[in-house]
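Descriptive analysis of the structure
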Amino acid sequence: PLSSKREDTFIAGVSMGGYGAVKLALKNPDVFCAATSLSGCLDIESIAKSNDRLNRSLLFLIMGNVKDLSKSEENVIYLAERLADSEKKKPGIYQVVGREDFLYENNLVFKNAVEPIWGNYKYEESSGAHTWDFWDKYIPKMLDFFLKI
């Protein structure tokens, strides 16, 4: 049986799943104690504004026609800023990305926005790409982060 207690409930994902994990935790802080993003796509505004038609098309398929992502429920930076200003409990966030990952700069935007306003936040980077070889090294560290919450 699974626990329904917040202190026993964690979420994690890789790539778009990392975005989804952080988004769910920020939208449901009463449910999730912590979230981990392993090379997540955490700055959707930059993708929406990019010249990459394929990524913009994928973003549209995932989120629909969102005209202004800056204050959107789809924007994890906005969700974090809004939650930081509230009295609600804040889930811990563990963020990991490789310096050779194509989402490295994307992750830095989230880090720079959230790190100064978030209490229980941990960021790690090292050499590595968008691969399971990289993520596998951080899964034990993620579990350790969850256990220390």
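Before going into details, it helps to say that this report is about the structure given with it.

Definitions and limits used
- Residues numbered from 1 in each chain as written.
- Predicted model: local features only at pLDDT ≥ 70, side-chain atom pairs only at ≥ 80, totals over all residues.
- Heavy atoms only, no water.
- Phe/Tyr/Trp six-rings, centres within 6.5 Å; stacked < 30°, edge-to-face > 60°.
- Helix = DSSP H or I, 4+ residues; strand = E, 2+ residues; numbered from the N terminus.
- Buried < 20%, exposed > 50% of the residue type's maximum accessible area, 1.4 Å probe, protein only.
- Lys NZ or Arg CZ within 6 Å of the ring centre and 35° of its normal.
- Expected span 1.5 Å × (residues − 1).
- Axes fitted to C-alpha atoms, helices over the stretch in contact; angles between N-to-C directions.
- Parallel < 35°, antiparallel > 145°, perpendicular 65-115°, else oblique.
- Contact = heavy atoms within 4.5 Å.
- Nonpolar A, V, L, I, M, F, W, Y, C, P; charged D, E, K, R; others polar.
- Core = buried A, V, L, I, M, F, W, Y, C linked by side-chain atoms within 4.5 Å.
- Polar contact = N/O pair within 3.5 Å; in protein donor to acceptor, adjacent residues only side chain to side chain.
- Pairing = 2+ DSSP bridges.

1. Notes on the packing of aromatic side chains
- Under the definition given, this model contains five aromatic pairs.
- Judged by centre distance (4.6 Å) and plane angle (20°), the ring pair of Phe10 and Phe146 falls under stacked. With Phe10 in strand S1 (residues 10-14) and Phe146 in helix H6 (residues 132-147), the pair connects residues that are 136 residues apart, well separated along the chain.
- With a relative accessible area of 9%, Phe146 lands in the buried category.
- Here the aromatic residues Phe10, Tyr94, Phe145 and Phe146 are joined through ring pairs into a cluster of three or more.
- Looking at Lys111, its charged tip hangs above the ring of Tyr123, at a distance of 5.2 Å from the centre.

2. As for helix H1 (residues 16-27)
- Compared with the 16 Å implied by 1.5 Å per residue over 12 residues, the 16 Å span of H1 between its first and last C-alpha is a close match.
- Buried residues of H1: Gly18, Tyr19, Ala21, Val22, Lys23, Ala25 and Leu26, and no others.

3. Topic: the packing of helix H4 (residues 76-84) against helix H5 (residues 104-114)
- As a packed pair, H4 and H5 sit with axes 10 Å apart at the nearest point and diverge in direction by 10°. In terms of axis orientation, H4 runs roughly parallel to H5. Of the residues in H5, those touching H4 at Val76, Ile77 and Ala80 are Val109, Phe110, Ala113 and Val114.
- Of the residues assigned to the contact of H4 with H5, the class counts are seven nonpolar, no polar and no charged.

4. Observations concerning the nonpolar core
- Of all hydrophobic cores here, the largest spans 20 residues; its most connected members are Leu26, Val76, Ile93, Phe110, Val114, Trp118 and Tyr121.
- Secondary structure elements with two or more residues in this core: H1, H4, strand S3 (92-98), H5 and strand S4 (121-126).
- Once you skip the residues sitting within four places of it in the chain, Val76 turns out to touch Tyr19, Val22, Lys23, Leu26, Leu42 and Phe110.

5. Things to note about the side chain of Asn107
- Note on placement: Asn107 falls in helix H5.
- Polar contacts involving the side chain of Asn107 include one to the main-chain carbonyl oxygen of Leu103, which spans 2.9 Å.
- Not counting chain neighbours up to four residues away, the residues in contact with Asn107 comprise Ser39, Gly40, Leu42, Gln95, Val96 and Val97.

6. Re the side chain of Glu74
- Looking at the element boundaries, Glu74 is found in the loop between helix H3 (53-63) and H4.
- For Glu74, the side chain forms a polar contact with the side chain of Lys23, separated by 2.4 Å.

7. Re the sheet that holds S4
- In space, the four strands of this open sheet follow the order S1-S2-S3-S4, with parallel pairing throughout. Each edge of the open sheet carries a strand with a single partner, namely S1 and S4. Adjacent strand axes in the sheet meet at a mean angle of 10° when their direction is disregarded.
- Bridging between strand S2 (residues 34-38) and S3 involves five bridges; their strand directions are parallel. Among the inter-strand pairings, Leu38 is bridged to a residue of S3, identified as Val96.
- Helix-sheet contacts for H1 involve S1, S2 and S3, and the interaxial angle to S1 is about 155°.
- Of the strands in this sheet, S1, S2, S3 and S4 are in contact with H6, which crosses S3 at around 160°.

Bear in mind that shape data such as this cannot, by itself, settle questions of function.
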